[in-house]
Every structure is written in C-alpha cells, then in structure tokens.
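Chains, contacts and geometry: an overview
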Amino acid sequence: MRRVVDFINEYDPGPFPEDFDREVIQLASNENPYPPAENVIAAIKNRIFKINRYPSPYYRELKKAISEYTGFGVENIAVSSGASDIIRLVTDILLDPLDRVLVPMPSYTMYVMYSMLREASLETRVYEGYRIDGCYERGKLAFLCSPNNPTGNVVERKVIEEFLQNFEYVVVDEAYCEFSGTSCADLLEHYDNLIVLRSFSKFFGLAGMRVGYAIADEKVVRAIEKIRNPFSLSMLGQIAAVEALKSVEYYRRVAEIILSERERMRRELEKRFYVYESSANFLLVKHDVPDIAERLMEEGVLVRDVTGLEGLDGPHFRVTVGRKEENDRFLEVVSGL
Ligand SMILES: *Cc1c(COP(=O)(O)O)cnc(C)c1O
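Model, not experiment: these values are computed from the prediction. (Residues numbered from 1 in each chain as written. Predicted model: local features only at pLDDT ≥ 70, side-chain atom pairs only at ≥ 80, totals over all residues. Heavy atoms only, no water.)

Considerations on the sheet that holds strand β9 (residues 274-275)
Rule in force here: Pairing between two strands requires that DSSP report at least two bridges joining them. Each helix is a run of DSSP H or I of at least 4 residues and each strand a run of E of at least 2, with the numbering of both proceeding from the N terminus. The contact rule is simple, with two residues in contact once any of their heavy atoms fall within 4.5 Å. Each axis is a line fitted through C-alpha atoms, and for a helix only the stretch in contact is used; angles between axes span 0 to 180 degrees, taken between their N-to-C directions.
The strand order across the open sheet built from four strands is β9-β10-β13-β12, with neighbouring strands paired in antiparallel fashion. What marks the edges here is a single partner per strand, and that holds for β9 and β12 (304-305). As paired strands, β12 and strand β13 (residues 316-320) are joined by two bridges and run antiparallel to one another. Bridge pairing in β13 links Arg304 to Arg318. Here helix α10 (residues 248-269) sits on the sheet in contact with β9, β10 (282-286) and β13, set at roughly 10 degrees to β10.

Digging into the packing of aromatic side chains
The condition is simple: Planes of paired rings set the category: under 30 degrees apart is stacked, over 60 is edge-to-face and the rest tilted, where pairs are Phe, Tyr or Trp rings (Trp by its six-membered ring) whose centres lie within 6.5 Å. Each residue is assigned to one of three classes by its accessible area relative to the maximum for its type, calculated with a 1.4 Å probe on protein chains only: buried under 20%, partly exposed between the two thresholds, exposed over 50%.
Applying the stated criterion across every chain yields a total of 19 aromatic pairs. With centroids separated by 6.0 Å and ring planes inclined at 35 degrees, the aromatic side chains of Tyr130 and Tyr276 adopt a geometry described as tilted. A residue pair is termed long-range when its members are at least 10 positions apart, and Tyr130 in the loop between β4 (121-126) and β5 (139-145) and Tyr276 in the loop between β9 and β10 qualify at 146 residues. With a relative accessible area of 14%, Tyr130 lands in the buried category. Overall, the relative accessible area of 10% leaves Tyr276 in the buried class. Ring centres of Phe203 and Tyr251 lie 6.3 Å apart, and the angle between their planes is 50 degrees; on these two criteria the pair is classed as tilted. Here the residue Phe203 occupies a position in the loop between β7 (194-199) and β8 (212-216), and Tyr251 occupies one in helix α10, the gap between them amounting to 48 residues. A relative accessible area of 2% means that Tyr251 is categorised as buried.

What to know about the side chain of His316
Selection rule: What qualifies as a polar contact is a pair of N or O atoms within 3.5 Å, subject to a donor-acceptor requirement within protein and to the restriction that residues adjacent in sequence count only when both atoms come from side chains.
Mapped onto the secondary structure, His316 falls in strand β13. A relative accessible area of 0% places His316 in the buried class. Within the local environment of His316, its side chain forms a polar contact with the side chain of Tyr276, the two groups lying 2.8 Å apart. What His316 contacts, discounting residues up to four positions off in sequence, is Tyr276, Leu284, Val285, Lys286, His287, Arg304, Asp305, Val306 and Thr307.

Some thoughts on a negative patch on the surface
Selection criterion: To count toward a patch, a residue needs a relative accessible area over 30% and no salt bridge; like charges are then connected within 9 Å, while nonpolar side chains (Val, Leu, Ile, Met, Phe, Trp, Tyr) are connected within 5 Å. Residue-level accessible areas treat just the shown protein chains as cover; the underlying method is Shrake-Rupley with a 1.4 Å probe. Throughout this description, the term salt bridge denotes a Lys or Arg side-chain nitrogen within 4 Å of a carboxyl oxygen of Asp or Glu. Charge counting follows a simple rule: Lys and Arg are positive, Asp and Glu are negative, and His as well as the terminal groups are ignored. Charged side chains are reduced to one point each, which is NZ for Lys, CZ for Arg, CG for Asp and CD for Glu.
A cluster of acidic residues, Asp12, Asp291, Glu294, Glu298 and Asp305, forms a negative patch on the protein surface. Structurally, the position occupied by Asp291 is in the loop between β10 and α11 (292-298).

As for the nonpolar core
Here is the rule: The nonpolar core is taken to be a set of buried Ala, Val, Leu, Ile, Met, Phe, Trp, Tyr and Cys residues, with the residues joined through side-chain atoms within 4.5 Å.
The biggest cluster of nonpolar side chains holds 80 residues, and the ones touching the most others in it are Leu62, Phe163, Phe200, Leu269 and Phe330. Here this core takes eight residues from helix α9 (residues 235-246), the largest share from any one element. Of all hydrophobic cores here, the second largest spans 31 residues; its members include Leu94, Met110, Tyr111 and Ile224.

Without other data, these values stay purely geometric and don't point to any function.
In structure tokens, the structure reads:
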C-alpha cells in the first residue's frame, strides 16, 4: 500500500437519510430539494430498457447541450461522473510529486485529498474573514471555489485574475454558480490556464445521477478526456443532464424560491447566531450550542457539522436551504435548542 493513503483524512460525507430508520429532513448535502423537471423523468423512463448497452464514450449529445447552455465550444468541454471526479482528473493530468498546490481554507476537502494522492506539496491558507482578497503565492495549481463551500462567498474576478497570473493552472469550482449568478468562465478568452468546474448536482438537482463538467482550454480538455474512464458517466446520467438543460426555466424558478427561502432562514437565524453572507443554496452558521448538529439529528433534521474543518474557528454548522416546510421545521427545532 502507498504510504500517502495512510496520511489522507477520509472524506466526511455527513449524515444520510438511509442511515435512519425514520423519516428525516436532509439539509446536510446542499442538494436541490425539489423534484426533477417532468421531461427528465420521462426521458429516463424511456431509456430504462436500454441499460444493457454501454453509453457512447464521447458523450456528444451531452457536450452539445452543455455547449449551447454555456456558449463554449464542445472542444472546450470535458464531462465525467460529477465535478468531484473532474477534480481528481485535473490533479492526475497536472500534478507531479512535490508540485506546489494552494488550497484556501476552509473549502471543499476533495482538493486536498486528490492533491495529496499525487504527492503534491500542499499549502493551505486562511484569509482574513474567510475572504480571498489577493494572491500571495506562486505555484503549479490553485483551487478556488466560487461560491465557496462552506462559507458561501464569491471570489472577486480581479482576485481570480491575480491567481491566474501567479499559478500555472487555476481551478475555479463553480458548482453553485447558478445560484450566485456569477461566473469567471469568460476569462478563458484571456487565460488558457483557467479550468472551470461545474456540476449537475446542485442547481439542476441531479446529485444522484453523478454528472459534472469542466470548461477549459482544448489542450486541458483533451488530456482529461484521454485519461478518464471512457464510460465514467452513466447513460442515464447523460440523458438526465441533457433533458435538464431543456428545462432551464423550470430550474430558474426553483432557484428563485430557494434564494428567497435562504433569506428568510437568514433573518430567523440571525436573531440568535452569526450567519455568513451566502451566494449559494446553503448557509454557514457560527453557534455556541453544544452538540447542535446531533441534537437537530435527534429531532430528525440533518445539517452538516463543519466544526474542525481546517481554517474554521469555533463551532459551525452548514445548513442547506430545503423546501419551505422543511425549513420551517428546522427553524422551529433550532430555535428551541
Ligand atoms: C457538491 C460539490 C461538488 C460535487 O459535485 P458533484 O458533481 O456532485 O461531484 C463539487 N464542488 C463543490 C464545491 C461542491 O460543493
């Protein structure tokens, strides 16, 4: 066994409803709480009888649909089974042992895990107020997440440009960008070292289907596509994503509800806790209630305890914006603790 495997901290996936023998409210994984658009369900039902066949490994239909959605050419789009798989593919194509990698903290821990697996020289940095205000290092690769998980804030465009000038490659993880309405993908016009990651798991509500993509320079896309498992994306995942892109209006309406619920939750939570500014479908909450996540769990509400995440100072939990009645129940329970 490679020694590095011992050094890697296991990813903490948080609590899952399957682990409980009663109904629980899942607000721990930043999923979209609303059902998929009807055409998504219909298309999956239609194809279900073809699951004996492999998907085409080129995923042309999906790339064409993503190309139309994003405005980038199919040669600038790589797909795989979730943005998290693309994080791994990016580290695989870019990193040699001891290459310098910067991961601002607190952020998504997969950047650390996959960089370590490549035996990179990993540097983490905590910024004042958890806001990345500039680039102070140089190196091979930097991971920026905008909006950031778990803090919810957006990295300013001029700061991203500073990173692009100081690092050989910069990943900007935009898993939540449809909620913030921000993207830096257009910077690709000036910077061929930018790799933008996107996901169908959040805004498009397809977390169970495992679909993600990267927008990047052709050379990066070709390298990712060359080494990825040719069939990493399931046939049903491809179909679901293509259909979801035909119903963007539906998902925009859903997102509007989610954003207005988020502000309602913020107002309620602020009566009692410190709540961070969020441009995504979740809120980061600083609190002083012992075992708050466990006590919420006892009442059937799952949130993510992010206390102890590198860089985060003091007890925190992250709560996903759910459906209105779920949020009501969460607020009711949390206000009684
Ligand atoms: C949820 C999340 C992802 C994972 O996306 P998948 O497409 O489900 O693999 C990637 N990055 C961040 C920051 C996330 O929060």
